[in-house]
Amino acid sequence: MTLTLLTGVLLIAMQASDQIKVCQVGYLPSESKFAMLTADATGNAVIRRVLDNRSVVVAKIGEPTVDASSGDTVRLIDFSSLKEPGVYRVEVEGVGKSFDFRVGEQIFAYPFRLAMRSFLGQRCGTAVSLAPDFPQYHYDACHMAPAQFHASSGKTGTKDMHGGWHDAGDFGKYVVNSGITTGTLLWAYELNEKKLKNLNLDLPESGGKTPDMLAEIRWNLDWMLKMQDDDGGAWHKETTANFPGFIMPDEDKSPTLIIGNGQAPFKVTAATADLVAVAAIGARLYPNYDRAFANKCLAAAEKGWTWLQANKDNNYGRNPAGIGTGGYGDSNPSDERLWAAAELFRTTGHKEFTDYFLANYTKWKPTVQGDAAQGWPELRNMAMWSYAMAKGANRSAANQIKTDSLKAADAIAARIVAHPYRMPLQQTEYYWGSNAVVANYAMMLQIANRFKPEVRYRDGALDSLHYLLGRNTFNTSFVTHVGTKWAMNPHHRPSAADKIEQPWPGLIVGGPNSSGKLDKPARQWKDEAARYDLNENAINWNAPLVFILAEELQP
Ligand code: 9MR
Ligand code: 9MR
Ligand code: ZN
């Protein structure tokens, strides 16, 4: 009798359960380790080594807490004492087992590779293949015809514009969104150069003088530079007039158009300032590998700066008549201007740029704050950090920024610990692309950790990453091909059109979007290709994912 009961319990215990949520990639040996249980169970959870089924930790199941973001009743399972590398799973009697996960120093190397190589898969204007890892994903050169100047650009005729990354699930290329994306990736490289310099990403450029990651980023930087007019200003975007259907990139034969905002000087302030900022970063990262390119970046940045000084804000509002692609309109480019000044100062040390920064940064008080993550229209954090990291920066300004960054990190870390899923979002922040808000908060913690190392900053960033990689109400990794159960149907045209069941790898989808509703906002996600508001990928969402993974790559 007892024996039958016991066998029955053991059998049930073998079922995989969505009610035991772990990071599907795993945990670093040195970090705190939590699983979230959403079943009504008490007593102990057992962590078993998959290799020999040996119980390695018996962890007490925590008290239930109701998570307002999902409506789930969540119990924490703390198995931080587990430090030995291996493959494990969590088991709870009467509930089942979690997905297998790893503990190890190199667990983020593969997710990093996929997330970074997703940019290769977004390349425009060249034949693309994700071989050797994923040779089945490929397309021929797309959007090769010269782009046509749209009436809103103030010019006529055509210009060679091939290159750049497709923005997202659509094939448009937008300077504003390219700004934060390229900037974040260059930062990831700059801060982690020792680890990333010799990393082979198997790109067409691999084996050349330029480190692979810089080579990939250059693909987009080159395109951005082409979006600069002779007077130094940058147009807003280069897209077809409307979004194409669900076809492969090379099947999209509609002409691409260079689009401005339709009123003199036609170029757009936010786009120009973003271009200046990333070109300035490029000018300090590429000289050792391609001096001519670095000089070109610097010249573009300086010319763009001159345009910014000479022109009042000229913002992109609504799309001009006949244009239906993404908006990326920003009515306040003061943060982009500040970022441009900061990056130029960090690169050149010239007085003009520190003067501009010091005269303008006090508009933001505090300079960095815990409820304001960076995003495509919000570059102020990048501006502040860049200035604080610059040689020759004004001491008191730099100190203020560091102090504010730590205070912001304290607030973010406190939110994470208080959240039953240990993640940083407030109820109001489950908007379009909320997964990137999570990643950008994690980035804020990691930058703060560079100013002053604190275990709670690092653990908080990792907790945020674990949420993205499956430790969430859906027990699903939001990054394709990363983990065990991941988003299968991103709103990504190549994934939908290529007749392959599985999507392209390494793409982070937008995630829960509650459209302003505050009731269970974290539940507002579906793994459906039609839902571009929930399940699209985008380069500006993949970039902070790359950043946080790069920070945690072990040498
Ligand atoms: O596919 C488009 C996606 O990339 C954009 O993010 C989204 C919002 O701008 O728009 C999608 O395109 C849709 C269009 O706006 C309306 N018709 C259906 C399109 C999706 O199939
Ligand atoms: O990421 C953008 C989000 O912040 C906006 O709310 C949304 C609607 O304007 O657009 C998102 O960006 C999309 C862009 O307009 C077109 N390419 C796909 C982007 C991600 O969905
Ligand atoms: Zn293309």
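The rules behind the values
Residues numbered from 1 in each chain as written. Chains lettered and ligands numbered in written order. Predicted model: local features only at pLDDT ≥ 70, side-chain atom pairs only at ≥ 80, totals over all residues. Heavy atoms only, no water. Helix = DSSP H or I, 4+ residues; strand = E, 2+ residues; numbered from the N terminus. Pairing = 2+ DSSP bridges. Core = buried A, V, L, I, M, F, W, Y, C linked by side-chain atoms within 4.5 Å. Buried < 20%, exposed > 50% of the residue type's maximum accessible area, 1.4 Å probe, protein only. Contact = heavy atoms within 4.5 Å. Donors = N, O, S within 2.8 Å, 3.2 Å for Na, K, Ca; no water. Tetrahedral: all angles 85-135°; square planar, octahedral: opposite > 155°, others 65-115°. Patch = residues over 30% accessible without salt bridge, like charges linked within 9 Å, V, L, I, M, F, W, Y side chains within 5 Å. Areas by Shrake-Rupley, 256 points an atom, 1.4 Å probe, with all protein chains shown as cover. Salt bridge = Lys/Arg side-chain N within 4 Å of Asp/Glu carboxyl O. Near = heavy atom within 4 Å. Polar contact = N/O pair within 3.5 Å; in protein donor to acceptor, adjacent residues only side chain to side chain. Nonpolar A, V, L, I, M, F, W, Y, C, P; charged D, E, K, R; others polar. Phe/Tyr/Trp six-rings, centres within 6.5 Å; stacked < 30°, edge-to-face > 60°. Lys NZ or Arg CZ within 6 Å of the ring centre and 35° of its normal. Expected span 1.5 Å × (residues − 1). Bend = angle between axes of the 7 residues up to and from the residue.

## With respect to unusual backbone geometry
Thought 1: Of note, the bond from Ala131 into Pro132 is cis; its omega dihedral lies within 30 degrees of zero at 5 degrees.
Thought 2: Note that Pro132 resides in the loop between β11 (128-130) and β12 (134-139).
Thought 3: Even without being glycine, Asn53 reaches a positive phi, approximately 65 degrees.
Thought 4: Along the chain, Asn53 turns up in the loop between β4 (44-49) and β5 (55-60).

## Looking at the sheet that holds strand β16 (residues 237-239)
Thought 1: In spatial order, the strands read β14-β13-β17-β16-β15; together these 5 strands make up an open sheet with mixed pairing. For this open sheet the edge positions go to β14 (158-159) and β15 (173-174), each flanked by a neighbour on one side alone.
Thought 2: In the sheet, β16 pairs with strand β17 (residues 257-259) via 3 bridges, with the strands oriented antiparallel. Its bridge partner lying in β17, Glu238 is registered against Ile258.

## Considerations on the nonpolar core
Thought 1: Counting 180 residues, the largest nonpolar core has Ile77, Phe79, Val90, Phe108 and Met213 as the members making the most contacts within it.
Thought 2: Examining the composition of this core, we find that 12 residues originate from one element, helix α6 (residues 269-285), more than from any other.
Thought 3: The residues contacting Met213, other than those within four sequence positions of it, are Phe112, Met116, Leu185, Ala188, Tyr189, Leu196, Leu201 and Val546.

## Section: the coordination of the zinc ion (ligand 3)
Thought 1: Here the zinc ion (ligand 3) is held by the protein donor atoms Cys124 (SG), Cys142 (SG), His143 (ND1) and His166 (NE2), which lie 2.0 to 2.3 Å from it.
Thought 2: Considering all 4 donor atoms around the zinc ion (ligand 3), angles at the metal cover 101 to 120 degrees and the coordination shape is tetrahedral.
Thought 3: Of note, the donors binding the zinc ion (ligand 3) are all from one chain and are spaced C-x17-C-H-x22-H.
Thought 4: Accessibility expressed as a relative area gives 9% for His143, which makes it buried.

## As for a nonpolar patch on the surface
Thought 1: There is a patch of nonpolar side chains on the surface, built from Tyr431, Trp432 and Tyr532 and spanning about 360 Å² of accessible area.
Thought 2: For Trp432, the location among the structural elements is in the loop between α11 (395-418) and α12 (434-451).
Thought 3: Taking relative accessible area as the criterion, Trp432 reaches 45% and is therefore assigned partly exposed.

## Let's talk about the site of ligand 2
Thought 1: Around ligand 2 sit Asp167, Ala168, Asp170, Tyr174, Gly326, Gly327, Tyr328, Trp376, Trp432, Glu536 and Trp541, and that is every residue in its neighbourhood.
Thought 2: The contact in question runs from a nitrogen atom of ligand 2 to an N or O atom on the side chain of Asp170, over 2.9 Å.
Thought 3: Residue Trp376 places a side-chain N or O atom 2.9 Å away from an oxygen atom belonging to ligand 2.
Thought 4: A total of 460 Å² of accessible area belongs to ligand 2 in isolation, and the protein chains cover 76% of it.
Thought 5: Split by residue class, the shell around ligand 2 holds 6 nonpolar, 2 polar and 3 charged.

## What about the packing of aromatic side chains?
Thought 1: Under the counting rule described, the total for this entry stands at 23 aromatic pairs.
Thought 2: Taking 6.0 Å as the distance between ring centres and 45 degrees as the angle between the ring planes, the aromatic pair formed by Phe134 and Tyr137 counts as tilted.
Thought 3: The buried category is assigned to Phe134, whose relative accessible area is 11%.
Thought 4: Note on Tyr137: relative accessible area 0%, which makes it buried.
Thought 5: With 5.0 Å between their ring centres and 85 degrees between their planes, Tyr328 and Trp376 make a pair best called edge-to-face. Residue Tyr328 is found in the loop between α7 (291-310) and α8 (334-348), and its partner Trp376 is found in the loop between α9 (351-360) and α10 (380-389); the two are separated by 48 residues along the sequence.
Thought 6: Given a relative accessible area of 15%, Tyr328 falls into the buried group.
Thought 7: Owing to a relative accessible area of 24%, Trp376 belongs among the partly exposed residues under this scheme.
Thought 8: Members of the aromatic cluster, each reached through a chain of ring pairs, are Tyr27, Phe79, Tyr88 and Phe101.
Thought 9: Here the guanidinium or amino end of Arg346 rests over the ring plane of Trp187, the centre of that ring lying 5.6 Å away.

## What about helix α5 (residues 212-226)?
Thought 1: Taking 1.5 Å per residue, 15 residues should reach 21 Å; α5 reaches 22 Å between its end C-alpha atoms and fits that length.
Thought 2: Its maximal kink placed at Arg218, α5 deviates by approximately 30 degrees.
Thought 3: Most of α5 is tucked away: 12 of the 15 residues are buried.
Thought 4: Along α5, the residues that are buried comprise Asp212, Met213, Leu214, Ala215, Glu216, Ile217, Trp219, Asn220, Leu221, Trp223, Met224 and Leu225.

## A word on the site of ligand 1
Thought 1: Every residue close to ligand 1 is listed here: Asp170, Phe243, Trp432, His491, Arg493, Tyr532 and Glu536.
Thought 2: His491 places a polar side-chain atom, nitrogen or oxygen, 2.6 Å from an oxygen atom of ligand 1.
Thought 3: Contact distances for ligand 1 include 2.7 Å between an oxygen atom and a side-chain N or O atom of Arg493.
Thought 4: A class-by-class count of the residues in the shell around ligand 1 yields 3 nonpolar, 1 polar and 3 charged.

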